[in-house]
Amino acid sequence: MTHAPATPRATRRQHDREIVALAVPAFGALVAEPLFVLADSAIVGHLGTAQLAGLGVASALLTTAVSIFVFLAYATTAAVARRVGADDLQAAIRQGMDGIWLALLLGAAVIAVVLPAAPALVELFGASDTAAPYAITYLRISSLGIPAMLVVLAATGVLRGLQDTKTPLYVAVGGFVANAVLNAGLVYGADLGIAGSAWGTVIAQCGMAAAYLVVVVRGARAHGASLRPDAAGIRASAHAGVPLLVRTLSLRAILMIATAVAARLGDAEIAAHQIILSLWSLLAFALDAIAIAGQAIIGRYLGAGDAQGAREACRRMVQWGIAVGVVLGALVVVARPAFLPMFTSDSVVKDTALPALLVVALAQPICGIVFVLDGVLMGAGDGPYLAWAMVLTLAVFTPVALLIPTLGGGITAVWGAMTLMMAMRLLTLWLRSRSGRWIVIGATR
């Protein structure tokens with residue numbers, strides 16, 4: 001008995017179901033992560049201004065250190081998804097274990113650097129004499145949780161590759177609740193001050209890592225995958241992650257340059273920039289959720305040898321990116337007058353931010369396509385191209401941004417340069433997606 005080929009509408013519905021099933025839980029997990037810092041800030045803030053300032057410095061350092069290694073999630077997702085597509089779950093989990101072992105090694109290396117260098121790092125970030133001791137205390141204690149944080153990244157990549165974004169959501173929510181309870185109990189109940197907040201975060205992160213490891217180990221035993229470290233596999237994971245590390249560092253450099261330029265424009269401009277950057281980051285979570293779905297889905301199709309399915313999935317996800325970008329942009333336009341008073345009562349800051357917010361709103365459809373294509377190419381394991389494209393984007397963005405204080409335009413010009421950056425990314429990613437060179441089928445790239 002032969003089956004009639006699926007109609008285009010049926011294919012679109014199948015892709016829609018897969019995208020929603022993966023993206024919605026992924027969005028929840030992404031939003032839960034920054035709530036850790038928010039909970040810490042709310043609790044530590046009542047200890048005093050110096051303690052909150054110290055937390056701000058230490059949190060910025062920790063966030064930077066961990067975000068650099070986000071490739072542990074991205075590269076692992078793509079590699080595991082390919083093995084899933086090839087119907088080799090044993091190899092998929094073995095691939096994931098290589099990523100987890102790499103995370104532990106990198107975490108140990110980071111601790112070895114941060115513990116002795118904490119005072120110098122805090123001074124580098126310009127902490128005041130009153131805030132610096134609290135920043136050093138928090139940084140040194142919290143650094144002990146970095147291996148767990150990196151394991152969480154790698155294990156999240158394993159589960160995403162296995163087409164499971166619900167478990168990361170449950171773990172993230174559980175981790176947030178545990179972090180809030182532990183922080184309150186240790187800071188106030190045990191009277192440990194900012195050290196209690198740091199220890200609460202470390203314990204919560206270790207608990208999250210343990211929860212992930214239970215799930216991964218259970219899967220390894222069920223499918224006969226080895227849990228032992230494999231030097232060749234760890235080296236392969238590191239090799240796959242290097243281009244994504246270059247991509248991430250280039251993107252971080254762009255954000256730092258934009259902030260530095262905004263700071264040179266004046267207090268109102270940097271205040272407005274910080275508000276807009278916070279909103280931009282929140283919007284990015286929604287778009288990144290679709291990108292995460294793209295990583296998992298594209299990797300699976302290519303692993304299964306279905307190049308046509310990968311193309312069709314890519315096309316449908318781009319349509320999703322455009323649609324979500326349009327909706328987010330419209331929401332920003334409508335909510336502009338109500339959004340700004342949540343952050344400031346200064347009329348000068350509001351007036352400075354309003355036109356820049358309009359630029360951000362208009363850029364959201366572009367951002368939607370960029371995030372999706374970025375996820376598609378990550379899922380295809382096309383890391384070297386992503387690295388090259390981001391370095392090129394950085395080279396174009398930097399001189400434009402640095403000219404703003406001289407040419408004028410204020411914070412609106414800064415976000416115009418950010419939109420130019422996203423347009424440059426769109427061009428490089430679109431050219432790659434059109435070329436089809438990212439389509440390499442098989443269990444490994």
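This is a predicted model, so every value here is computed, not measured.

Thresholds, definitions, all that
- Here the residue numbers are simple positions, counted from 1 along each chain's written sequence.
- Note on the predicted model: pLDDT of at least 70 is required for a residue's local features to be given, and 80 or more for side-chain atom pairs to be given and counted; whole-chain, interface and lining totals, by contrast, use all residues.
- Water and hydrogen atoms play no part in the side-chain values, which are based on all heavy atoms of the structure.
- Every helix listed is a DSSP run of H or I at least four residues long, and every strand listed is a run of E at least two residues long, numbered separately from the N terminus.
- Note on method: radius of gyration uses C-alpha positions; expected globular size equals 2.2 Å times residues raised to 0.38.
- Note on exposure labels: buried denotes an accessible area under 20% of the residue type's maximum, exposed denotes more than 50%, and partly exposed covers the range between, all computed with a 1.4 Å probe on protein chains only.
- In this description, accessible areas are obtained by the Shrake-Rupley approach with a 1.4 Å probe, and a residue is regarded as covered only by the protein chains that are shown.
- This count recognises Lys and Arg as positive and Asp and Glu as negative, with His and chain-terminal groups excluded.
- Every charge is mapped onto a representative atom, which is NZ of Lys, CZ of Arg, CG of Asp or CD of Glu.
- When the centres of two rings from Phe, Tyr and Trp lie within 6.5 Å, Trp using its six-membered ring, the rings pair. Their planes under 30 degrees apart give stacked, over 60 give edge-to-face, and anything left gives tilted.
- Whether a charge sits over a ring comes down to the Lys NZ or Arg CZ being within 6 Å of the ring centre and within 35 degrees of the ring normal.
- It only takes one pair of heavy atoms within 4.5 Å for two residues to be counted as in contact.
- Without a salt bridge and with relative accessible area above 30%, a residue can belong to a patch; like charges are then joined within 9 Å and nonpolar side chains (Val, Leu, Ile, Met, Phe, Trp, Tyr) within 5 Å.
- Any Lys or Arg side-chain nitrogen found within 4 Å of a carboxyl oxygen on Asp or Glu counts as a salt bridge.
- A helix is expected to span 1.5 Å for every residue after the first.
- In this text, buried Ala, Val, Leu, Ile, Met, Phe, Trp, Tyr and Cys residues form a nonpolar core when linked through side-chain atoms within 4.5 Å.
- Axis lines are fitted to C-alpha atoms, over the contacting stretch for helices. Their N-to-C directions set the angle, which ranges from 0 to 180 degrees.
- Note on terminology: angles under 35 degrees are roughly parallel, angles over 145 are roughly antiparallel, angles of 65 to 115 are roughly perpendicular, and the others are oblique.
- For any pair of crossing helices, the crossing counts as left-handed if the nearer helix is rotated counterclockwise from the farther one by less than a right angle, and right-handed if it is rotated clockwise.
- Only Asp, Glu, Lys and Arg are considered charged, only Ala, Val, Leu, Ile, Met, Phe, Trp, Tyr, Cys and Pro nonpolar, and every remaining residue, Gly among them, polar.
- Any two cysteine sulfur atoms lying within 2.5 Å of each other are counted as a disulfide.

Draft legend 1. Structural context of the overall build of the protein. Each helix and strand in the protein was counted, giving 16 helices and 0 strands. Over its C-alpha atoms the protein spans a radius of gyration of 22 Å, differing by no more than 12% from the 22 Å that the globule rule assigns to 445 residues. In terms of overall dimensions, the protein has a C-alpha envelope of 75 × 50 × 35 Å along the principal axes. Residues counted as buried form 51% of the 445 residues belonging to the protein. Total accessible area computed for the protein in this model is approximately 19100 Å², and 68% of it derives from carbon and sulfur atoms. Within the protein, the 21 negative side-chain charges are centred at a point lying 11 Å from the centre of the 28 positive side-chain charges.

Draft legend 2. Quick peek at the packing of aromatic side chains. Enumeration over the complete set of coordinates arrives at 3 aromatic pairs. Over the ring of Y301 we find R300; its NZ or CZ atom is 5.1 Å from the centre of that ring.

Draft legend 3. Just the environment of A313, in detail. Its place among the elements puts A313 in helix α12 (residues 307-339). Exposure remark for A313: the relative accessible area of 2% places this residue in the buried category. With residues up to four places along the chain from it excluded, the contact list for A313 reads H15, I297, I298 and Y301.

Draft legend 4. Here's a closer look at a nonpolar patch on the surface. A cluster of nonpolar side chains, L144, L192, W199 and I203, forms an exposed patch at the surface whose accessible area comes to about 350 Å². Its place among the elements puts L144 in the loop between α6 (132-143) and α7 (146-161). The partly exposed category is assigned to L144, whose relative accessible area is 37%.

Draft legend 5. Looking closely at helix α1 (residues 8-32). Counted at 1.5 Å a residue, the expected span for α1 with its 25 residues is 36 Å, and the 36 Å between its end C-alpha atoms agrees. Turning to α1, its buried residues number three or more, namely T11, H15, D16, E18, I19, L22, A23, P25, A26, A29, L30 and A32. The inward-facing, buried residues of α1 contact α2 (35-44), α7, α8 (166-189), α11 (267-303) and α12.

Draft legend 6. View of a positive patch on the surface. Among the surface-exposed residues, R9, R12, R13 and R17 lie close enough to one another that they form a single positively charged patch. With respect to the helices and strands, the residue R13 is situated in helix α1.

Draft legend 7. Just the nonpolar core, in detail. One finds I298 and W415 to be the most contacted residues of the largest nonpolar core, which totals 133 residues. Residue contributions to this core peak at 20 residues, all from α11.

Draft legend 8. Here's a closer look at the pattern of salt bridges. For the structure shown, the criterion picks out 7 salt bridges. One salt bridge connects R316 with D16, and the closest N-O pair in it is separated by 2.8 Å. Pair noted here: R316 is in helix α12 and D16 is in helix α1, with a separation of 300 residues, a long-range link. Linking R300 and E18 is a salt bridge whose minimum nitrogen-to-oxygen distance equals 2.6 Å.

Draft legend 9. Geometry of the environment of A92. With respect to the element layout, A92 can be found in helix α5 (residues 89-124). Among the residues examined, A92 registers a relative accessible area of 0% and is labelled buried. In sequence terms A92 and V80 are 12 residues apart; their C-alpha atoms lie 4.7 Å from each other. With residues near it in sequence (within four places) discarded, A92 still touches V80, R83, V84 and L162.

Draft legend 10. Representation of the packing of α1 against α8. As a packed pair, α1 and α8 sit with axes 8 Å apart at the nearest point and diverge in direction by 25°. Relative to α8, α1 is oriented roughly parallel. When you trace α1 past α8, the crossing you get is left-handed. From α1, P25, G28, A29 and A32 reach across to α8, where they touch K166, P168, L169, A172 and V173. Looking at the contact of α1 with α8, its residues break down into 7 nonpolar, 1 polar and 1 charged.

Draft legend 11. Quick peek at α8. Compared with the 34 Å implied by 1.5 Å per residue over 24 residues, the 33 Å span of α8 between its first and last C-alpha is a close match. The complete set of buried residues in α8 reads T167, P168, V171, A172, G175, N179, N183 and V187. Of the surrounding secondary structure, the elements contacted by the buried residues of α8 are α1, α2, α7 and α9 (194-223). Remark: D191 follows α8 within two positions and exhibits a positive phi of approximately 55°.

Draft legend 12. Examining the state of the cysteines more closely. By the definition in use, this model includes 0 disulfides. Not part of a disulfide, C367 finds its nearest cysteine sulfur in C314, a span of 17 Å. Owing to a relative accessible area of 2%, C367 belongs among the buried residues under this scheme.

Draft legend 13. Seen up close, unusual backbone geometry. Residues other than glycine seldom take positive phi values, yet Q163 does so here, at roughly 70°. Summarising the element assignment, Q163 is placed in the loop between α7 and α8. One non-glycine residue, D191, lies in the positive phi region at around 55°. Structurally, D191 is set in the loop between α8 and α9.

Draft legend 14. Quick look at the environment of R252. Mapping R252 onto the fold places it in helix α10 (residues 231-265). Taking the relative accessible area as the measure of exposure, R252 reaches 27% and is therefore partly exposed. Residues within four places of R252 in sequence aside, it is in contact with T64 and S67.

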